Amino acid sequence: MKRSYQITEFCRRFLQDYIAENDCCVDATAGNGNDTEFLCRMTGPGGKVYAFDIQEEALEHTRNRLETAGLLPCAVLIRDGHEHMQDYVKEPVSAIVFNFGYLPGGDHRISTRPETSIWAVSQGLELLKPGGVMSLCIYSGGDTGYEERDALLEFLKELDSGKWLVIVSSYYNRGNDPPLPAFIIRL
């Protein structure tokens, strides 16, 4: 059996060890709802998942996916930028998921930006409980260019190693600017 090992699948496998039932988590970029559904399944009916997106289309995809799966009561869908997550999330979280770039199948002109993405990651770090994890799927090249990737990697490099463990992985033998999976664990 051939496996594709998409970046999102790789990140979800990593995240599984950090999320328990009844936890609070954040999907900072709801998109089509895949990660929101994953987080809702991991936290269970007693958990809470905040899902952010600036596009109503993305939130509608997410809402439909969660309704079909019977998971909508576990989620709080928010039409706002992830850089405003601290306005909504007031409790410590176990995991935060980011997929940078644009909505798959959506308008490529609407995408995450370095300034707001770094601000959102900074806010997310303050929300993570000790032992919590943040996953970052960093896409570059093509429509999105390299500016956001480079800015995020520079930001991650500067995080205090006494407070944060930062792991950046790569699809080393793939061409065409493969995505970079990165993880930040609060020590």
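None of these values were measured; they are calculated from a predicted model. (Residues numbered from 1 in each chain as written. Predicted model: local features only at pLDDT ≥ 70, side-chain atom pairs only at ≥ 80, totals over all residues. Heavy atoms only, no water.)

Looking now at helix α2 (residues 34–43). Here α2 lies mainly inside the structure; 7 of its 10 residues are buried. The complete set of buried residues in α2 reads Asp 35, Thr 36, Glu 37, Phe 38, Leu 39, Cys 40 and Thr 43. Packed against the buried residues of α2 are α1 (7–15), β1 (24–27), β2 (48–53), α3 (56–69), β3 (75–79) and β4 (93–99). Gly 44 sits one or two positions beyond α2 and adopts a positive phi of about 75 degrees. (Buried < 20%, exposed > 50% of the residue type's maximum accessible area, 1.4 Å probe, protein only. Helix = DSSP H or I, 4+ residues; strand = E, 2+ residues; numbered from the N terminus. Contact = heavy atoms within 4.5 Å.)

Turning next to the nonpolar core. In terms of nonpolar packing, the biggest core is built from 28 residues, with Phe 98, Val 121 and Leu 136 touching the most fellow members. Grouped together as the second largest cluster of nonpolar side chains are 20 residues, Ile 19, Cys 25, Val 97 and Val 133 included. (Core = buried A, V, L, I, M, F, W, Y, C linked by side-chain atoms within 4.5 Å.)

There is a patch of nonpolar side chains on the surface, built from Leu 165, Ile 167 and Leu 187 and spanning about 250 Å² of accessible area. Along the chain, Leu 187 turns up in the segment after β7 (180–186). (Patch = residues over 30% accessible without salt bridge, like charges linked within 9 Å, V, L, I, M, F, W, Y side chains within 5 Å. Areas by Shrake-Rupley, 256 points an atom, 1.4 Å probe, with all protein chains shown as cover. Salt bridge = Lys/Arg side-chain N within 4 Å of Asp/Glu carboxyl O.)

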